[in-house]
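A closer look at the structure
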Amino acid sequence: MSAAPELDFELVGKTAETAFGYLTGAITAGMIYVGEATGLYRAMAGQGPVTSHELAGKTGLSERWVREWLRGQAAAGLIDYRGTERFELGPERALVLADEETPASVVGAFSALPQQMLLLEKVPGSFRTGRGHTYDDGGLAVAVGIERMMGPWNKTALISEALPKLPGVVERLERGAKVADVGCGAGVADIAIAKAFPKSEVHGYDNSVHALARAEANRKESGLKNVFFHNIDSDPMPSDGRFDLVTCLDCLHDMARPDLAAAAIRKAIRPDGTWFIVDVDCNEAYEDNLSNPLAAMMYGFSVLICMSSSASTPDGLALGTVGLPEPKMRALAKTAGFSRFSRVEGLEHPFNAYYLAQV
């Protein structure tokens, strides 16, 4: 019999510490959800240091529960402890946790956390069969969560920062252009474009019933008459080359067949049109992705949502969150018939890349 290997107990301890660190992160993420769902972050914004009694009085919540939440949030470094049981959500932290009208906002990403975690019950089955699940399998709450996660950038930076970086696009939109947003989700970007450029006509395409229901509700609330939504499974994009601008905003890697989507986009776009692509900034080699501090989250989110969606059909490519690095995105566009492909200069984001494809 071979001798048992000598254990490195220092490594045992470090591994346990790392595992508990991730458990701490999961629980803290749950507490961010609680803070958003109960309005605690919004109530703290702009108020300076507050006690749990003051915050409970302002929100109508139980002081004892508010106190425990505040202490945990300060321990996590999400709010500041000012001594004598006073806690503050400063203006910088408020941009992230209490204001969804700024690109810095991330709190919307936590709004569907309970429903997304319920998807974990389905994941073992996917490991056995290889088949994933669609976004709609997570219910309406997941669609709303994606809407709120992507919404801040789509409502603000898309119009003020991104579109002006695309040669000739703003001028064409101002004159009146036809726009298609493929993978439109809840239509936040579509409504932002339609509002900013009233002479243009915007069409959003998706196959999520829940997301399209949200898009219609958002359209009605906006009162806009120049934005329209289509279920691409029953109402596909026209193939007559009518669109001046086509956008795919953080969705191609989620699609079961982005190659077919790209081919359809080529048929739908004008010869002088622009395809604007936003997708995860990643690398082909796994080793090169390890330097990204968000790598663990991306691979985990991929199993839970992105790769699962891409593997939700029998012919799905199962790409995943980091499934379309720049070389593969370039090849995708070239195969579809786009001869020019480049990064958009001057646009930076913590985890997204920006591409421009033209015929």
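The notes below deal with the structure included here.

Calculation criteria
- Residues numbered from 1 in each chain as written.
- Predicted model: local features only at pLDDT ≥ 70, side-chain atom pairs only at ≥ 80, totals over all residues.
- Heavy atoms only, no water.
- Helix = DSSP H or I, 4+ residues; strand = E, 2+ residues; numbered from the N terminus.
- Buried < 20%, exposed > 50% of the residue type's maximum accessible area, 1.4 Å probe, protein only.
- Contact = heavy atoms within 4.5 Å.
- Areas by Shrake-Rupley, 256 points an atom, 1.4 Å probe, with all protein chains shown as cover.
- Patch = residues over 30% accessible without salt bridge, like charges linked within 9 Å, V, L, I, M, F, W, Y side chains within 5 Å.
- Salt bridge = Lys/Arg side-chain N within 4 Å of Asp/Glu carboxyl O.
- Pairing = 2+ DSSP bridges.
- Axes fitted to C-alpha atoms, helices over the stretch in contact; angles between N-to-C directions.

Let's shift gears to the overall build of the chain. A count of helical and extended segments in the chain gives 16 helices and nine strands. For the chain, the residues scored as buried account for 46% of the 359 residues in total. For the chain, contacts bridging at least 24 residues in sequence account for 69% of all contacts bridging at least 6. With the model as given, the accessible surface of the chain reaches about 18,100 Å², and the carbon-plus-sulfur share is 57%.

Before going further, it helps to spend a moment on a nonpolar patch on the surface. Judged by side-chain polarity, Phe20, Leu23, Ile27 and Met31 come together as a nonpolar surface patch covering roughly 400 Å² of accessible area. Tracing the backbone shows Ile27 in helix H1 (residues 9-37).

Our focus in this paragraph is the sheet that holds strand S5 (residues 227-231). Spatial ordering of the open sheet is given by S5-S4-S3-S6-S7-S9-S8, a layout of seven strands whose pairing is mixed. Bordering the open sheet on either side are S5 and strand S8 (340-343), each of which pairs with just one other strand. Strand-to-strand twist of the sheet, defined as the mean angle between neighbouring strand axes without regard to direction, takes the value 20 degrees. Two elements, S8 and strand S9 (residues 352-358), share four bridges in a ladder whose sense is antiparallel. Along S9, the bridge assignment pairs Arg343 with Tyr355. On top of the sheet, helix H11 (residues 188-196) reaches strand S3 (178-182), strand S4 (201-206), S5 and strand S6 (243-249); it is set at about 175 degrees to S4, its chief contact. Lying over the sheet, helix H16 (residues 326-336) contacts strand S7 (269-280), S8 and S9, oriented at roughly 155 degrees with respect to S8.

Everything listed here is a matter of coordinates, which is why it stays silent on function.
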